[in-house]
Each structure stands twice: as C-alpha cells, then as structure tokens.
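# Residue-level structural notes
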Amino acid sequence: MSTQRRTFGIFIIQIALAIYLFITGLCLFGVGKSISSDEIQGVTSFFKGGARVMDYIIAALLIVCAVMFFIKALGLDFGKVDDIVKIVTLIVWIVVTVVTLIGLVGELSSVKALHWLLVLAKNCLIIGGIMTIKNGK
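On a predicted model such as this, the values are computed, not experimentally measured, just so you know.

## Examining the overall build of the chain
When its secondary structure is counted, the chain shows five helices and zero strands. Counting from the amino terminus, the chain carries its helices and strands in the arrangement α-α-α-α-α. By the burial criterion, 38% of the 137 residues in the chain qualify as buried. Within the chain, residue pairs in contact and separated by at least 24 positions form 73% of the contacts whose partners lie at least 6 positions apart. Accessible surface, the chain: about 7800 Å² in total, of which carbon and sulfur atoms supply 76%.

## Considerations on the packing of helix α3 (residues 52-73) against helix α4 (residues 80-105)
Close contact between α3 and α4 brings their axes to 10 Å; oriented N to C, the two are set at 130°. By the angle between their axes, α3 is oblique relative to α4. Our pair here, α3 against α4, has a crossing hand that is left-handed. Residue-level contacts link Ile58, Leu61, Leu62, Val64, Cys65, Met68, Phe69 and Lys72 of α3 to Val81, Asp82, Asp83, Val85, Lys86, Val88, Thr89, Val92 and Trp93 of α4.

## Concerning the nonpolar core
With 21 residues, the main nonpolar core has Leu17, Leu21, Leu62, Phe69, Trp93 and Ile130 as its most contacted residues. At eight residues, the largest contribution of residues to this core is made by α3.

## Some remarks on the pattern of salt bridges
With the rule as written, the count across this model stands at two salt bridges. For Lys72, the salt bridge identified is with Asp82, shortest N-O distance 3.4 Å. Here Lys72 is found in helix α3, whereas its partner Asp82 is found in helix α4, with 10 residues between them in sequence. We classify Lys72 as buried; its relative accessible area is 8%. Judged by relative accessible area, Asp82 falls into the buried class, the value being 5%.

## Some points on the packing of helix α1 (residues 8-29) against α3
Following both chains from N to C, one finds α1 and α3 inclined at 155°, their axes separated by 8 Å at the closest point. Accordingly, the angle class assigned to the pair α1 and α3 is roughly antiparallel. As α1 packs across α3, the resulting crossing turns out to be left-handed. Broken down by class, the residue content of the contact of α1 with α3 amounts to 20 nonpolar, three polar and three charged.

## Regarding a nonpolar patch on the surface
Residues Ile19, Phe22, Ile23 and Val67 make up a contiguous nonpolar surface patch of roughly 320 Å² in combined accessible area. Tallying contributions element by element places α1 first for the nonpolar patch, with three residues.

## So, the side chain of Asn123
With respect to the element layout, Asn123 can be found in helix α5 (residues 110-132). Here Asn123 falls in the buried class, since its relative accessible area comes to 0%. From its side chain, Asn123 meets the backbone oxygen of Val119 in a polar contact 2.9 Å long.

## Brief notes about the packing of aromatic side chains
On inspection of all chains with the given rule, the structure shows three aromatic pairs. Here Tyr20 and Trp93 contribute two aromatic rings whose centre-to-centre distance is 6.0 Å and whose plane-to-plane angle is 80°, an arrangement assigned as edge-to-face. Highlighted residues: Tyr20 in helix α1 and Trp93 in helix α4, separated in sequence by 73 residues. Note on Phe29 and Tyr56: the rings are 5.4 Å apart at their centroids and 20° apart in plane angle, and the pair reads as stacked. Within this pair, whereas Phe29 is found in helix α1, its partner Tyr56 is found in helix α3, the two being separated by 27 residues in sequence. Take Phe29: its relative accessible area is 35%, and that puts it in the partly exposed class. Taking the relative accessible area as the measure of exposure, Tyr56 reaches 35% and is therefore partly exposed.

Conventions we followed
Within each chain, residues carry numbers counting from 1 in the order of the written sequence. The predicted nature of this model means local features are confined to residues of pLDDT at least 70 and side-chain atom pairs, given and counted, to a pLDDT of 80 or more, with totals for whole chains, interfaces and linings taken over all residues. The basis for every side-chain value is the complete set of non-hydrogen atoms in the structure, without hydrogens or water. Put simply, DSSP marks the helices as runs of H or I at least four residues long and the strands as runs of E at least two long, and each gets a number from the N terminus on. Exposure is judged per residue with a 1.4 Å probe applied to protein chains only, and the accessible area is read against the type maximum: over 50% gives exposed, under 20% gives buried, and values in between give partly exposed. In this description, contact between two residues means that some pair of their heavy atoms is separated by no more than 4.5 Å. The protein chains shown are the only cover counted for residues, whose accessible areas, like all others here, come from Shrake-Rupley with a 1.4 Å probe. Only the stretch in contact is used when a helix axis is fitted, and all axes are lines through C-alpha atoms; the angle between N-to-C directions ranges over 0 to 180 degrees. For classification purposes, an angle smaller than 35 degrees is called roughly parallel, one larger than 145 roughly antiparallel, one from 65 to 115 roughly perpendicular, and anything else oblique. Crossing handedness follows the turn of the near helix against the far one: under a right angle anticlockwise gives a left-handed crossing, and clockwise gives a right-handed one. Among buried residues, the Ala, Val, Leu, Ile, Met, Phe, Trp, Tyr and Cys ones that are joined through side-chain atoms within 4.5 Å form a nonpolar core. One speaks of a salt bridge when a side-chain nitrogen belonging to Lys or Arg is within 4 Å of a carboxyl oxygen belonging to Asp or Glu. Classification used: nonpolar for Ala, Val, Leu, Ile, Met, Phe, Trp, Tyr, Cys and Pro, charged for Asp, Glu, Lys and Arg, polar for all others including Gly. Patch rule: a residue counts if its relative accessible area is over 30% and it has no salt bridge; like charges are joined within 9 Å, and nonpolar side chains (Val, Leu, Ile, Met, Phe, Trp, Tyr) within 5 Å. Under the rule applied, a polar contact is a pair of N or O atoms within 3.5 Å (in protein, one hydrogen donor and one hydrogen acceptor; residues adjacent in sequence only if both atoms are side-chain atoms). Aromatic contacts are taken between Phe, Tyr and Trp rings whose centres are within 6.5 Å, Trp giving its six-membered ring; a plane angle under 30 degrees counts as stacked, one over 60 as edge-to-face, and the others as tilted.

So, in structure tokens, the structure goes:
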C-alpha cells in the first residue's frame, strides 16, 4: 500500500485536527472549562449522571488520535495502530455530531438555525479532515 502524498494542505489539516482534538479531549477531562463547544456539551449531556467515565474514555481517545495525527504530520507512521485509532475516532466523532445536532434541534429559531448549520459545517469539516488522512503502511 502506498502512503499519502505529502502536501502542505494535508500537513495543515493534520496539525489543525491534532490541536482541535487535543483541546477537545482536555476539555472533556475538565481542563479549560471556559472553552464551551457544542460537542463537549452534547457528549456530557448524552452521558448524564454516572457516565462521566465515558467522557474520560472519549477524551483519552481524542488525545491519542491528536498525538497520532501530529506525529503523522511529521512524516512518521505507526501502520495499522494509527489507522485503527483514526477509524474509531471517526466513528465516535460521527456519533458526537449526531448527538450534538439532535440536541440543538429542539431550540431552533431563525438565529439558532444559522448556529445549527455552523455546527454542522464545523463537524463536517472535522469528519472530512479525518477521512482525508490516508492509512499508512
């Protein structure tokens, strides 16, 4: 199998995803509570009560994926390990997106509809970015 062609655009996408996923993971751990994103609120509201453990599991997955994207941006590849982490993160992020968007549907108004579309677009960019990072060895 071939590796992904190294372009500046792919490098930027990998770094941006690494930073975003890392900070989102930290926020799920409780660091940076002032950072408010709909995804974090969607995940924590979906797992109400004693399921704080699920937040921590998702946070750890996001941080591991962020580190792997950063390392992959530098040209290193862990083979199947980072591919599996990428696929699991992609599936988790799709679930997070659906949960977040469903949670926002109940409060739609004309201004909220624009916010809903913005959240949808941001998550589509993240999902598309994850999908553009090719599998390695």
